[in-house]
Amino acid sequence: MTSTLTISGYRDVDTDDLIAMGIHRATPEYIRQMAQLGYQGLSVRELLQFRIHGVSRDFVREMADAGLEDLRSGELVQARIHGVRPSFIQDLRDWGPAEFHSGPARLGL
């Protein structure tokens, strides 16, 4: 896994990080998936937060489909922690004020 992480741009990952990445399944494949969705160069800490809080490829895609395609990594984690679902965002857009209909809106996540 270490050589694959180096290829993915993760150098100097210490033993504790490797163990945590293994426990939480922050695998090279997961790193590639997040990079393909625009989340390349995440720190080990950010990767672990994504995995711990359930930020999956599907969650990121669904949030983008709901109109929030430019969320920062911390905003995705906060959305998961607080139970914000893509369907909730879409419901707000369908029901809510005009600012929800004009492209990606910062919702204070």
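Residues numbered from 1 in each chain as written. Predicted model: local features only at pLDDT ≥ 70, side-chain atom pairs only at ≥ 80, totals over all residues. Heavy atoms only, no water.

Engineer: Would you explain the packing of aromatic side chains in this entry?
Structural biologist: Aromatic rings considered in pairs are described by the distance between their centres and by the relative angle of their planes. Within this structure, the stated rule accounts for one aromatic pair. Here tyrosine 39 and phenylalanine 50 contribute two aromatic rings whose centre-to-centre distance is 6.0 Å and whose plane-to-plane angle is 65°, an arrangement assigned as edge-to-face. Separated by eleven residues along the polypeptide, tyrosine 39 in the loop between α3 (28–36) and α4 (44–53) and phenylalanine 50 in helix α4 bring together distant segments of the chain. Its relative accessible area of 10% is what places tyrosine 39 among the buried residues. The exposure class of phenylalanine 50 is buried, given its relative accessible area of 1%. Just above the ring of tyrosine 30 sits the side chain of arginine 51; from NZ or CZ to the centre is 4.3 Å. Here arginine 80 stacks its cationic end above the ring of phenylalanine 59, 5.1 Å away from the centre of that ring. (Phe/Tyr/Trp six-rings, centres within 6.5 Å; stacked < 30°, edge-to-face > 60°. Helix = DSSP H or I, 4+ residues; strand = E, 2+ residues; numbered from the N terminus. Buried < 20%, exposed > 50% of the residue type's maximum accessible area, 1.4 Å probe, protein only. Lys NZ or Arg CZ within 6 Å of the ring centre and 35° of its normal.)

Engineer: What is the right way to look at helix α7 (residues 86–95) in this model?
Structural biologist: Helical geometry: 3.6 residues make up each α-helical turn, so side chains three or four residues apart lie on a common side. Pro86, Ile89, Leu92 and Arg93 are the residues of α7 that are buried. End-on, the buried residues of α7 take up no more than an arc of 120°, which puts them together on one face. Exposed residues pointing more than 90 degrees away from the buried face of α7 are listed as Asp94 and Trp95. Looking at the buried residues of α7, the elements they touch are α5 (57–65). (Arc of directions from axis to C-beta. Contact = heavy atoms within 4.5 Å.)

Engineer: It is not clear to me how the packing of α5 against helix α6 (residues 73–81) should be interpreted in this structure. Could you clarify?
Structural biologist: For any two helices packed against each other, the geometry comes down to the angle between their axes and how far apart the axes lie. At a minimum axis distance of 12 Å, the contact between α5 and α6 shows a crossing angle of 100°. Here α6 runs roughly perpendicular to α5, going by the angle between their axes. Every residue of α6 that contacts α5 at Phe59, Val60 and Met63 is listed here: Leu76, Ala79 and Arg80. Residues of the contact of α5 with α6, tallied by class, amount to five nonpolar, no polar and one charged. (Axes fitted to C-alpha atoms, helices over the stretch in contact; angles between N-to-C directions. Parallel < 35°, antiparallel > 145°, perpendicular 65-115°, else oblique. Nonpolar A, V, L, I, M, F, W, Y, C, P; charged D, E, K, R; others polar.)

Engineer: Sorry, what's going on with the confidence of the model for the protein chain here?
Structural biologist: If pLDDT is low for a region, its predicted coordinates should not be looked at in detail. Residues with a pLDDT of 70 or more make up 78% of the protein chain, whose mean pLDDT is 83. Confidence scores differ between elements of the protein chain, with helix α1 (residues 2–7) showing the lowest mean pLDDT of 53 and α6 the highest of 96. (pLDDT = per-residue confidence, 0-100.)

Engineer: Quick question: what am I supposed to make of the nonpolar core here?
Structural biologist: The nonpolar side chains of a soluble globular protein tend to be buried with one another. Among the nonpolar cores identified, the biggest contains 26 residues, and Met21, Tyr39, Phe50, Val55, Met63 and Leu76 are the most heavily contacted of them. When contributions to this core are tallied by element, the ones reaching two or more residues are α2 (15–23), α3, α4, α5 and α6. A per-element tally of this core places α4 first, with four residues. The contact partners of phenylalanine 50, leaving out residues within four places of it in the chain, are Tyr30, Met34, Tyr39, Leu42, Val55, Ser73, Leu76 and Val77. (Core = buried A, V, L, I, M, F, W, Y, C linked by side-chain atoms within 4.5 Å.)

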